[in-house]
Every structure is written in C-alpha cells, then in structure tokens.
Amino acid sequence: ELKVEQNPLFLSMQEGKNYTIYCNYSTTSDRLYWYRQDPGKSLESLFVLLSNGAVKQEGRLMASLDTKARLSTLHITAAVHDLSATYFCAAERNTGGFKTIFGAGTRLFVKA
Amino acid sequence: DVKVTQSSRYLVKRTGEKVFLECVQDMDHENMFWYRQDPGLGLRLIYFSYDVKMKEKGDIPEGYSVSREKKERFSLILESASTNQTSMYLCASSDLNEQFFGPGTRLTVL
C-alpha cells in the first residue's frame, strides 16, 4: 500500500534563509507531485517529477526525486514572505486508474 | 487553461440529508477524483473514476457514493449526511501528467 510522509509538518523560517521539505513514499510510484495551497484556496500544481534524478526549478523553489530512496525534496532558497503557504507532495500509482496519495502537508510560514 | 468547477463553495446541511456535490471539467479528461481535506490529514481520496460510468473506491469511501454519467461531470453523493462528514471537498481531473483541482466545497453538517 502506498503511503506518503512529509516532514516537517510545520516550518517557520526567516526571510532569506534556505530550507528543505522532505517527502518519503513507501512503495514504487509512477510519478511525484508538489502542490501549493494558500489559505482558503484550492491546490496549485508546482512540479511533476517523472523519473529518477529529475530536478525542476521555478523561482526560489526546486524539487528533486530519488526513486531508489523513495524520496523527493522541495528546496526553498532565500525564502520570501510570499512563499508562506501549505505545500503538499503526492505520489501516484497506475492501478488501472491513476491513484494519487497525498502527504499531510507542510505548513510554511516565512517571517518578514 | 484547464478549468475544474464545483457547484458550491460553501454548503450547510442537516444530519440525515442527502447531499450532492457536483464537479465539472472542460478539458475532456478521462480521470476524475473526489478528495476530502481535513487539518493534519492532508487530502484523502474518496472515489475516482477513469471513464464514464466507471468508478473505483479510494481510501475512505464509506458514507459516500459517486456518479459519472458524462465524461465532464463527476458527482459525489452523501446518502445521509453525518457531522463527521463536515470537511472541505476537492474535486480534481487529470490528464496523463498532472491533476487539476477545483476551488473546493466547504461542507458543514449540523
């Protein structure tokens, strides 16, 4: 059974600092997603990672995937207040229909 | 742009009522999903559908049913709403690469 664990679940950091959110998943996954959710809003897709060693970057966020370790990371560089949000990772398996399992989410707060 | 719409942003119902949550997508996606989101639990999959009239149970299907009569529409049904079904409900549709989410329906069952 596919399970997804994120840590930390809550992160408070100063502007300008770097930090990494970790996402572990328990069994083979076809792809790994990162989403952002602002309070009261729906989920916004950030990255889709499809293969071992995949790295994608958008602005101050960079996501990577290590399928052997079953680990994805979301690295934040020089955080700014606008990055405050909840970040979810999700792993997917094709079980005759695509089934996506989400982590609990990391609530990020960047102090101005 | 992919658009996923949900029939209501906020809904208040009473215990025992039958509740319909509607979701429509405009990108001809085959796969559609219903999740509920609760604090500290992330998103949990209730049901998904990979084709018209096809449905699969997710992780927490108890107390829910779904209907997919047309490709663009996926409905979540609470046959007899209970207070523990108070939650945020998110619909999504997907192509082969990623899921696109609707704005969510915050359901309160009194």
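Residues numbered from 1 in each chain as written. Chains lettered and ligands numbered in written order. Predicted model: local features only at pLDDT ≥ 70, side-chain atom pairs only at ≥ 80, totals over all residues. Heavy atoms only, no water.

## As for the sheet that holds strand E8 (residues 73–78) of chain B
All names here are of chain B.
- In space, the 4 strands of this open sheet follow the order E1-E3-E8-E7, with antiparallel pairing throughout. Each of the sheet's edge strands pairs with one partner strand only, and the pair in question is strand E1 (4–6) and strand E7 (65–70). Along the sheet, successive strands turn relative to each other by an average axial angle of 20°, direction set aside.
- Pairing analysis gives 4 bridges linking E7 to E8, with the strands arranged antiparallel. When the sheet's bridge partners are listed, Lys 70 is paired in E8 with Arg 73. (Pairing = 2+ DSSP bridges. Helix = DSSP H or I, 4+ residues; strand = E, 2+ residues; numbered from the N terminus. Axes fitted to C-alpha atoms, helices over the stretch in contact; angles between N-to-C directions.)

## Observations regarding the state of the cysteines
Residues and elements named next belong to chain A.
- All told, the structure shown has 2 disulfides over all chains when counted by the stated rule.
- A sulfur-sulfur distance of 2.0 Å marks the disulfide that ties Cys 23 to Cys 89. Residues Cys 23 and Cys 89 share a disulfide whose torsion about the S-S bond is about 80°; that sign makes it right-handed. One end of the pair, Cys 23, is in strand E3 (residues 19–25); the other, Cys 89, is in strand E9 (residues 85–94), and 66 residues separate them in sequence. (Disulfide = S-S within 2.5 Å.)

## Side note on the sheet that holds strand E1 (residues 4–7) of chain A
Residue and element names in this part refer to chain A.
- With antiparallel pairing, 5 strands are arranged side by side in an open sheet as E1-E3-E8-E7-E6. In the strand order of this sheet, the two ends are held by E1 and strand E6 (55–58), each with one partner. Taking the axes of each pair of neighbouring strands and ignoring which way they run, one obtains an average angle of 15° across the sheet.
- Of the strand pairs in this sheet, E1 and E3 are connected by 4 bridges, and their pairing is antiparallel. Paired with Glu 5 across the bridge in E3 is Asn 24.

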